[in-house]
Amino acid sequence: MIRLVSFIILMTFSLVSICAADMTVNKAHLDNDISCADCHGTATPEKRASAKTCIGCHSEIPGTVKTYSDAGNTREVNIHNSHDGQLRCTLCHRIHEPSTLYCADCHHFEVKVP
């Protein structure tokens, strides 16, 4: 039984490492020579980067109020100050796949997410 559990744990870590090695990174991070270790702390990531890590490089982003169209209505909002509370950066800003707008689940903001 212990051998089986050990085997399962070993295979899980192996698959995570293999998947991490195959991950692509968005163009902005590639163009700036940002490595996996810069965000994840290790060359073979075992977990997602923290919001603190993102804010370390992107501190100028949160706090901007802009005018957006929401289903034809003009609204002034700070899209980084969600009424859902503090959100993970990666809910919108995806590094390994196309970014999406979390707010679009309910709103119809015309926003291009980098």
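Refer to the structure printed above.
Residues numbered from 1 in each chain as written. Predicted model: local features only at pLDDT ≥ 70, side-chain atom pairs only at ≥ 80, totals over all residues. Heavy atoms only, no water.

1. Here's the deal with the nonpolar core
Using the following cut-off: Residues belong to one nonpolar core when they are buried, are Ala, Val, Leu, Ile, Met, Phe, Trp, Tyr or Cys, and are joined through side-chain atoms within 4.5 Å. Classification of residues uses two cut-offs on accessible area relative to the type maximum, computed with a 1.4 Å probe and protein chains only: under 20% is buried, over 50% is exposed, and between them is partly exposed. Residues count as neighbours in contact if any of their non-hydrogen atoms are within 4.5 Å of one another.
Among the nonpolar cores identified, the biggest contains eight residues, and these are Y68, V77, I79, C92, L101, C103, F109 and V113. Other than its neighbours up to four places away in sequence, F109 contacts Y68, S69, D70, R75, V77, I79, L101 and C103.

2. Some thoughts on the pattern of salt bridges
Definition in use: For salt bridges, the criterion is a side-chain nitrogen of Lys or Arg within 4 Å of an Asp or Glu carboxyl oxygen. Under the scheme used here, helices are H or I runs from DSSP no shorter than 4 residues and strands are E runs no shorter than 2 residues, and both carry numbers assigned from the N terminus.
Taken as a whole, this structure holds three salt bridges when the rule is applied. Note that K27 is salt-bridged to D31, the shortest N-O span being 2.8 Å. Placement of both K27 and D31 in helix 2 (residues 27–31) is noted, with a separation of four residues, approximately one turn of the helix. A relative accessible area of 60% means that K27 is categorised as exposed. Between E97 and R94 there is a salt bridge; the shortest N-O distance is 3.0 Å.

3. Section: the environment of R94
The condition that has to hold: Any pair of nitrogen or oxygen atoms within 3.5 Å is treated as a polar contact; in protein, a donor-acceptor pairing is required on top of that, and neighbouring residues in sequence qualify only through side-chain atoms on both sides.
Position of R94 among the secondary structure elements: in the segment after strand 2 (73–77). In this structure, the C-alpha to C-alpha distance between R94 and V25, residues 69 residues apart in sequence, is 9.1 Å. Residues contacting R94, with those up to four places away along its chain left out, are N26, S99 and T100. A polar side-chain atom of R94 sits 2.9 Å from the main-chain carbonyl oxygen of T90. Among the polar contacts made by the side chain of R94, one reaches the side chain of T100 at a distance of 3.3 Å.

4. Focus: unusual backbone geometry
With phi around 55°, D33 is a residue other than glycine that occupies positive phi space. Position of D33 relative to the elements: it lies in the loop between helix 2 and helix 3 (36–40). The exposure class of D33 is exposed, given its relative accessible area of 67%. Located in the positive-phi region is A71, a residue other than glycine, with phi close to 55°.

Remember that the coordinates give geometry; whether it matters functionally is a separate question.
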